[in-house]
Amino acid sequence: MEFKNVLFEKEGKIAIVTINRPKALNALNTETLKELNCVLDVLEQDDDIYAVILTGAGGKAFIAGADITEMKDFNTIEGRKFSVLGNKVFRRFETLEKPVIAAIPGFALGGGCELSMACDIRIASEKAKFGQPEVGLGITPGFGGTQRLARLVGDGRAKEIIYTSRIVKADEAYSIGLVNKVVAPENLMDEAKKMANLIASQAPIAIKFSKIAITRGKQCDIDTALMYEAEVFGECFSTEDQKEGMNAFVEKRDKNFKNK
Ligand code: DAK
């Protein structure tokens, strides 16, 4: 698949999606969001993809936010269109029934920080820098930052980061739970692939159900959330992979999951 601003590759059971506008620090413009929307169709439909890595090209940035040069002259209609498209793409990553790892080489600002937070897991290079600098541009975070950042790091920290527009370096991002892991820049993609392969070696349907239970469960009270969990747990017993996983354990042999 060929796009102008996005690279799409497959390595075994893993898809690697790279935002490729390094000259603009991979800023998200309408065209890039539309391309990501097309990539999501493939990620959804290709049953041989078990895990996804989302990253940014050029080594300096994951994504330096929404494209300010495009946004600055928006009228109300254009702003709304951009918002609807952006929210759709972000939510599709968040609810994609496959795990998505954000591999963050550098700046993850504004919409970039927000897209990383819509992913399941974040691995950051030691050089990564996070932030929600929107209030310095006269806007609020618009792709879920007020909600996802607060859920990840707590209201107090999220408010301080958003109100001050300040940069959060990788080590602090780790210490407040914004990222799962910090690695040397040269190891970033290897670490992301290692984790993606480890995930891809588990039962894919069980991972899909776990993601659904976590994502939906967060939106409800604990009793409803536990009902979701009970439902997906029960569903696992209708899969071949549940039989395979448990038989392999009892028979002391390697398991061979088939995504069925
Ligand atoms: N948009 C467009 N171009 C950008 C950009 C961005 N966000 N960030 C960087 N660039 C471009 C620069 O303009 C520059 O282009 P040239 O001048 O070379 O043509 C090139 O990338 C390299 O950037 P710098 O020369 O500035 O590089 P430095 O190392 O000096 O600085 C930096 C790196 C990341 C600190 C700096 O570039 C920077 O502060 N960038 C802006 C970061 C930012 O404020 N990001 C937040 C954007 S606001 C919405 C939903 C969401 C949003 C909005 C609406 N709705 C629901 C409607 C989201 C908003 C945002 O993300």
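Preceding this paragraph is the structure being described.
Counting starts from 1 at the beginning of each chain's written sequence and moves along it residue by residue. Reporting of local features is limited, given that this is a predicted model, to residues whose pLDDT is at least 70; pairs of side-chain atoms are given and counted only at 80 or more, and all residues count toward the totals for whole chains, interfaces and linings. The side-chain quantities take in all heavy atoms of the structure and omit both hydrogens and water.

Asks: Requested: an account of helix α9 (residues 204-217), with residues and values cited.
Replies: Numbering of helices and strands starts at the N terminus; helices are DSSP runs of H or I of at least 4 residues and strands are runs of E of at least 2. For a helix, the expected span equals 1.5 Å multiplied by the number of residues minus one. The terminal C-alpha atoms of α9, which comprises 14 residues, lie 19 Å apart, in line with the 20 Å expected from a rise of 1.5 Å per residue. Burial here depends on accessible area, computed with a 1.4 Å probe over protein chains only, as a share of the maximum for the residue type. Under 20% is buried, over 50% is exposed, and the range in between is partly exposed. Taken together, the buried positions of α9 are occupied by P204, I205, F209, K211, I212, A213, T215 and G217. Contacts between residues were defined by any pair of non-hydrogen atoms, one from each residue, lying within 4.5 Å. On its buried face, α9 sits against α3 (76-95), β5 (100-104), α10 (222-236) and α11 (240-250).

Asks: I'd like a description of the packing of aromatic side chains, backed by residues and values.
Replies: Any two of the Phe, Tyr and Trp rings considered here, Trp counted by its six-membered ring, make a pair once their centres fall within 6.5 Å; the pair's planes then place it as stacked at under 30 degrees, edge-to-face at over 60, or tilted in between. Within this structure, the stated rule accounts for four aromatic pairs. Arranged with centres 5.8 Å apart and planes meeting at 45°, the rings of F82 and F143 form a pair that is tilted. Note that F82 is positioned in helix α3 and F143 in the loop between β8 (129-131) and α5 (145-153), a separation of 61 residues in sequence. For F82, a relative accessible area of 6% puts it in the buried group.

Asks: Mind laying out unusual backbone geometry, listing which residues take part and the relevant values?
Replies: Positive phi is not limited to glycine here, since S165 has a value of about 65°. With respect to the helices and strands, S165 occurs in the loop between α6 (155-164) and β9 (168-169). Classification of S165 as partly exposed rests on a relative accessible area of 22%.

Asks: Residue-level account of the pattern of salt bridges, with values.
Replies: For this document, the term salt bridge refers to a Lys or Arg side-chain nitrogen within 4 Å of an Asp or Glu carboxyl oxygen. Summed over the entire model, instances satisfying the criterion amount to 17 salt bridges. Residues joined in a network through salt bridges with shared partners are D41, E44 and R92.

Asks: How would you sum up the site of the ligand? Please name residues and give values.
Replies: Close contacts around the ligand come from 22 residues, with K60, A64, A66, I68 and G111 the closest. Between a nitrogen atom of the ligand and a main-chain N or O atom of I68, the distance comes to 2.9 Å. Pairs of N or O atoms within 3.5 Å make up the polar contacts considered here, provided that, within protein, one atom can donate a hydrogen while the other can accept it, and that residues adjacent in sequence are counted only when both atoms are side-chain atoms. Taking G111, its main chain carries an N or O atom lying 2.8 Å from an oxygen atom of the ligand. For the area figures, the Shrake-Rupley method with a 1.4 Å probe applies, and any residue is considered shielded solely by the protein chains shown. With the chains in place, 63% of the 1100 Å² that the ligand exposes on its own is no longer accessible. Elements supplying a minimum of two residues to the shell around the ligand: α2 (68-71), α3 and β6 (107-109). Each residue receives one of three labels: charged for Asp, Glu, Lys and Arg, nonpolar for Ala, Val, Leu, Ile, Met, Phe, Trp, Tyr, Cys and Pro, and polar for the others, Gly being one of them. Grouping the constituent residues of the shell around the ligand by class yields twelve nonpolar, six polar and four charged. Near is defined per residue: the residue qualifies when any heavy atom it owns lies within 4 Å of the molecule or strand.

Asks: Got a sec to walk through the pairing of strand β7 (residues 121-125)? Specific residues and values, please.
Replies: Taking burial as the measure, the five residues of β7 include five buried ones, the bulk of the element. Burial of the side chains of β7 extends over both faces: I121, I123 and S125 are buried on one face and R122 and A124 on the other. Both β5 and β7 contribute to a ladder of four bridges, which runs parallel. Residue pairing in the sheet places I101 in a bridge with I121 of β7. Where β7 lies against strand β10 (residues 181-183), three bridges are found, and the strand directions are parallel. For A124, the partnering residue across the bridge sits in β10 and is V182. Strands are treated as partners if at least two bridges between them are detected by DSSP.

Asks: Give a description of the sheet that holds β6 that names residues and reports values.
Replies: The strand order across the open sheet built from four strands is β4-β6-β8-β9, with neighbouring strands paired in mixed fashion. In this open sheet, the two strands that pair with only one neighbour each are β4 (61-63) and β9. Here β8 runs beside β9; their pairing, made up of two bridges, is antiparallel. Bridging from a neighbouring strand, F130 pairs with V168 of β9.

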